[in-house]
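One-letter residues, chain by chain:
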Amino acid sequence: MAAARVRSGGRPTLEEVAARAGVGRGTASRVINGSPRVSAHTREAVEAAVAELGYVPNRAARALAGNRTDAVALVVPEPETRFFAEPYFSDIVRGVGAALADTDMQLLLTLVGNDRERRRLAQYLTAHRVDGVLLVSVHAADPLPDLLEQLGMPAVMSGRRSASETLASVDSDNFAGAGAAVGHLVSRGRRAIATITGPQDVYGAQRRLDGYRAAMSEAGLGPDERLIAPADFSEEGGARAMRELLARRPDVDAVFAASDVMAAGARQVLREAGRRIPDDVALIGFDDSAVARHMDPALTSVRQPIEEMGRTMARVLLDEIAGEHRERPQIVLPTELVVRDSS
């Protein structure tokens, strides 16, 4: 050990760590930078070499040499009110934080709720103040993904903008989740099944509506546009859409809301109208958040693995920063219907 330190002028080098671990310099670097793309055996060997040699990464030198900042941005192009009202976002943040916990990366949370904030973020990103970006809740017309591509900055989105997405993305199976919800309602004898959709400039919301339509057609309940009410993923939007549905189709006997938060708004309106859940109207949400578990009656909901989505997004981004992806992956995680008292 003493000889190794003398050769490097008293401070162990990355090359010496790699030699002690019996791996290449690049592999040692990936372990030290927290990349998940190494085996457990290799990671243990490098970490043991680091401990034996007393190696301490020179973060300033590493950042300067590699044009690195050791920071990633989690960008949510939504106003603060929605970010703090919806459990989806806190679950994503928790998953991302867990994946970055054992790395040197700092996580910067940025909310972009208006054009001024978007311009400020664009200037920040253009200056390459971060090594990569995680984008959550992207709308179709949002210019940020295109800016990231122009800058050549590693980026991963939660959900795609369209079927032909060019950036890496991690999503849940929105189509299958909606289909499972409708199929469950049909199996319980419901026929006038309505849906409250999310904003249709969000691809995930489009896919949930597509899944609803396909399942209704498969059940022989051809789509009735009066049973489809658009909303915005908010509780107020869910309540407003439910009022519209009751006015258009008073015989509605089931509602699939494209988020738990919107289902909460729908439940309040149904109660005000004297409709019992599930006796008169069955109700299903999407996300399986704390909102679903604490609702009365407890809400049947489509569970999407939100924390796992956050962890996967972070892992994919770390790989992109390390230059380990030749192609940008489009990952879709499975959903699961969790049946409770509301249906």
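- Under an unreviewed UniProt entry, the protein chain has the name LacI family DNA-binding transcriptional regulator and belongs to Streptomyces pulveraceus.

Notes on the overall build of the protein chain
And then number 1: Helix and strand counts for the protein chain stand at 15 helices and 12 strands.
And then number 2: A total of 343 residues make up the protein chain; the buried ones form 52% of that total.
And then number 3: Sequence-distant contacts in the protein chain: of pairs separated by 6 or more residues, those separated by 24 or more amount to 70%.
And then number 4: For the protein chain, the accessible surface area stands at approximately 15,300 Å², while carbon and sulfur atoms represent 49% of it.
And then number 5: Between the averaged position of the 42 positive side-chain charges in the protein chain and that of its 47 negative side-chain charges there is a distance of 2 Å.

Brief notes about the pairing of strand E9 (residues 282–287)
And then number 1: Among the 6 residues of E9, 6 are classified as buried, and the element is accordingly described as predominantly covered.
And then number 2: Sheet topology places strand E8 (residues 254–257) next to E9; 3 bridges connect them, and they run parallel. Directly across from Val255, in E9, lies its bridge partner Leu283.
And then number 3: For the handedness criterion, the β-α-β arrangement of E8, helix H13 (residues 260–272) and E9 is classed as right-handed.

Brief notes about the pattern of salt bridges
And then number 1: Throughout the structure, instances matching the rule amount to 25 salt bridges.
And then number 2: Of the charged contacts, one joins Arg118 and Asp115 as a salt bridge, the two residues approaching to 3.2 Å between their closest N and O atoms. Of this pair, Arg118 and Asp115 both sit in helix H8 (residues 115–126), 3 residues apart, which is roughly one turn of that helix.
And then number 3: Its relative accessible area of 19% is what places Arg118 among the buried residues.
And then number 4: Accessibility expressed as a relative area gives 53% for Asp115, which makes it exposed.
And then number 5: Taken together, the shared-partner salt bridges in this structure form one network comprising Asp91, Arg94, Glu307, Glu308, Arg311 and Arg315.

Considering the packing of aromatic side chains
And then number 1: Taken as a whole and assessed by the stated rule, the structure comprises 4 aromatic pairs.
And then number 2: When the ring of Phe83 is compared with that of Phe84, the centres are 5.0 Å apart and the planes differ by 90°; the resulting orientation is edge-to-face.
And then number 3: The exposure class of Phe84 is exposed, given its relative accessible area of 62%.
And then number 4: Three or more aromatic residues link up through ring pairs in this structure, and these residues are Phe83, Phe84, Tyr88 and Phe89.

Points about the pairing of strand E3 (residues 132–136)
And then number 1: Burial within E3 is extensive, with 5 of its 5 residues counted as buried.
And then number 2: With 4 bridges joining them, strand E1 (residues 71–76) and E3 adopt parallel strand pairing. If you follow Leu74 over to E3, its bridge partner there is Leu134.
And then number 3: Relative to strand E4 (residues 155–158), E3 runs parallel, the two sharing 4 bridges.

Description of the sheet that holds strand E6 (residues 193–197)
And then number 1: If you trace the 6 strands from one edge of the open sheet to the other, you get E7-E6-E8-E9-E10-E12, paired in mixed fashion. Here the strands that pair on one side only, and so sit at the sheet edges, are strand E7 (228–230) and strand E12 (336–338). Within the sheet, the average angular offset between the axes of one strand and its neighbour, ignoring direction, is 20°.
And then number 2: Judged from the 3 bridges that link them, strand E10 (residues 300–303) and E12 form a sheet pairing that is antiparallel. Directly across from Arg303, in E12, lies its bridge partner Glu336.
And then number 3: Along the sheet, helix H11 (residues 203–218) makes contact with E6, E7, E8 and E9, crossing E6 at roughly 170°.

Topic: unusual backbone geometry
Peptide bonds are mostly trans, and most non-glycine residues show a negative phi.
And then number 1: Cis geometry is found at the peptide bond from Ile277 to Pro278, where omega equals 5°.
And then number 2: Structurally, Pro278 is set in the loop between H13 and E9.
And then number 3: Residue Pro297 is bonded to the preceding Asp296 through a cis peptide linkage, with omega at -5°.
And then number 4: Inspection of the secondary structure assignment puts Pro297 in the loop between helix H14 (290–294) and E10.
And then number 5: Unlike most non-glycine residues, Asp70 shows phi in positive territory, near 55°.
And then number 6: Its place among the elements puts Asp70 in the loop between helix H5 (59–66) and E1.
And then number 7: With relative accessibility at 4%, the residue Asp70 sits in the buried group.

Here is what the cut-offs are and how they apply
Residues numbered from 1 in each chain as written. Predicted model: local features only at pLDDT ≥ 70, side-chain atom pairs only at ≥ 80, totals over all residues. Heavy atoms only, no water. Helix = DSSP H or I, 4+ residues; strand = E, 2+ residues; numbered from the N terminus. Buried < 20%, exposed > 50% of the residue type's maximum accessible area, 1.4 Å probe, protein only. Contact = heavy atoms within 4.5 Å. Areas by Shrake-Rupley, 256 points an atom, 1.4 Å probe, with all protein chains shown as cover. Lys, Arg positive; Asp, Glu negative; His and termini not counted. Charge placed at Lys NZ, Arg CZ, Asp CG, Glu CD. Pairing = 2+ DSSP bridges. Right-handed = clockwise from strand over helix to strand, strands pointing away. Salt bridge = Lys/Arg side-chain N within 4 Å of Asp/Glu carboxyl O. Phe/Tyr/Trp six-rings, centres within 6.5 Å; stacked < 30°, edge-to-face > 60°. Axes fitted to C-alpha atoms, helices over the stretch in contact; angles between N-to-C directions.

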